[in-house]
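Working through the structure, step by step
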Amino acid sequence: MIAPPAPVRRSSSKWVRIVLLVVGAALVLSFPTIAPNPYILSAGVVILNYAVLSTGWNFMGGFTGYISLGHAAYFGLGAYGTGLLIKYLALPGFVAWILAAVLVSIIAIPIGIAALRVRGASFVIVSIAFVLIMLLVFQSWRDVTGGSEGLNVPRPFDVLRPEHHRIFYYLFAGLLAFALVVWWIIDRSKFGTALKSVREDEDKAQALGVPTTRYKLIAYVLSALFVSLGGGLYALWFGDLDPIFQFSILIGSYMVLMALLGGVRNLFGPLLGAVVVGLALEYFKLEFGDTQFHLIATGILLGIVVLFMPDGIIPAVKGLFTRSSNAASIRELTAGQLLEQNEKRAADASARTADASTKETSS
């Protein structure tokens, strides 16, 4: 009889994750009080905005494997939707923010139905085409959107700039926490398992009865919702909207890079990627001004991720710790190693049985 594998103690790793989570949350919440000046605090707001956008993108890219470079369209629609509702309907800022996100989600339904008919490179091209169309529309529709001159969004709080940054820092942190909780719930649900089956092999998942089309559309709309929420909150914080920036393919590329850098299959992967890329972008812009050097650096970073860390930083670090650990989990063993382990245990059990039989015979 083959003895069952010995249980692996995971309590220590569980407590390590809890400690890291608590320390990380404490650092995020205490950052406004330790930031040396308003510029550093505003950089923290930008990084949290990036984290919201990349986490929102990850509802689609991480679960289904569909890579969209056009999610900047939903960022821009959320921002302009908030600003236009305030300007033309005189709605309170945060009411306009929520209503704009709902409207963007409704718009995302027919767009998703059309775009998700294709896969792979074709889906990437469709997503790019969508954001370019939005850019042209909002640039040309001068009477409504302000065109290239942009749109001014009034501040929702009548406070000084440092306090304004501090308030929105916590608002972005709350939105990010909400997005992470929703992602975590989906990741552990049957719906999330079905989405991941689409990512691994969509044809096989469909053959097994998974309603892939409907599930992909739900993930797409959820992704658009959170990205538009990030865009709307950005509009309320920054105040000045420019269609060239709001509907920039670069914004969509940053979302992809951040999620891939941290790891699309991990809850905190996009957040980690946003911290790394956001800090790098702020440094390069501060150091090199209006030059395009930050674009070169971004391209190099993306190439490094694809070549050397295709699964992201978090899985790569976990792999290093796994290889250096002597006590491997049963989930970390290959099929051959597990078979060899069971055969050894079976041989030991047979030897013990034979010894016991010999002792009984001799007695």
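The structure we're discussing is the one just above.
As the structure is a computational prediction, the values presented were derived from the model and not from experiment.

Attention shifts here to the overall build of the protein chain. Within the protein chain, the regular secondary structure consists of 15 helices and two strands. Per-residue burial over the protein chain gives 42% buried out of 363 residues. Within the protein chain, contacts between residues at least 6 apart in sequence are counted, and of these 80% link residues at least 24 apart. If you sum the accessible surface of the protein chain, you get close to 19500 Å²; carbon and sulfur atoms cover 68% of it.

What follows covers the layout of surface pockets. Each pocket or cavity is described by its volume, and for the second largest pocket that value is around 290 Å³. Along its surface, the second largest pocket is lined by 16 residues, and Val46, Tyr234, Phe245, Glu282 and Lys285 are the ones closest to its centre. Those elements that provide at least two residues to the lining of the second largest pocket are α2 (38–64), α9 (212–238), β2 (240–241), α10 (243–246) and α12 (269–288). Here the element with the most residues in the lining of the second largest pocket is α2; it accounts for four residues.

We now examine helix α13 (residues 293–308). Owing to its 3.6 residues per turn, the α-helix brings residues three or four apart onto one side. For α13, which comprises 16 residues, the first-to-last C-alpha distance of 22 Å matches the rise-based estimate of 22 Å (1.5 Å per residue) to within 8%. Within α13, burial applies to His294, Ala297, Thr298 and Val305. One side of α13 holds all its buried residues, which, seen down the axis, span an arc of 100°. The exposed set on the far side of α13, more than 90 degrees from its buried face, consists of Ile296, Ile300, Val306 and Leu307. Summarising the contacts, the buried residues of α13 are in contact with α11 (249–262) and α12.

Right, let's get into the nonpolar core. By size, the foremost hydrophobic cluster in this structure holds 83 residues, and its most contacted members are Tyr74, Leu77, Phe172 and Phe247. In terms of residues, this core owes the most to one element, α9, which gives 13 residues. Apart from the residues lying within four places of it in its own chain, the contact partners of Phe172 are Val45, Leu48, Asn49, Val52, Gly230, Leu233, Tyr234 and Trp237.

Bringing unusual backbone geometry into the picture now. A positive phi angle is found at Ala90, which is not glycine, with a value near 55°. Among the structural elements, Ala90 can be located in the loop between α3 (72–89) and α4 (93–115). Overall, the relative accessible area of 62% leaves Ala90 in the exposed class.

Quick notes on the rules
Residue positions are counted from 1 within each chain, in the order its sequence is given. Reporting in this predicted model follows two pLDDT cut-offs: at least 70 for local features of residues, and 80 or more for side-chain atom pairs to be given and counted; totals over whole chains, interfaces and linings ignore these cut-offs and use all residues. Derived side-chain values reflect all non-hydrogen atoms in the structure, with water molecules and hydrogen atoms excluded from consideration. A helix here means a DSSP run of H or I that spans at least four residues, while a strand means a run of E at least two residues long, and both kinds are numbered starting from the N terminus. Each residue is assigned to one of three classes by its accessible area relative to the maximum for its type, calculated with a 1.4 Å probe on protein chains only: buried under 20%, partly exposed between the two thresholds, exposed over 50%. Note on contacts: a residue pair is in contact if any heavy atoms of the two residues lie within 4.5 Å. Areas reported here follow the Shrake-Rupley algorithm with a probe of radius 1.4 Å; residue values treat only the protein chains shown as occluding. Using protein atoms alone on a 1 Å grid, points that fit a 1.4 Å probe yet trap it form a cavity, whereas open point sets bounded by protein on both sides within 12 Å along at least five of seven lines form a pocket; residues with an atom within 4 Å of a point count as lining. Grid points are joined across faces, edges and corners, and a volume is the space filled by probe spheres set on the points. Expected span of a helix, by definition, is 1.5 Å for each gap between consecutive residues, and there is one gap fewer than residues. Directions from the helix axis toward the C-beta atoms define the arc. Working definition of a nonpolar core: buried Ala, Val, Leu, Ile, Met, Phe, Trp, Tyr and Cys residues. They are joined through side-chain atoms within 4.5 Å.

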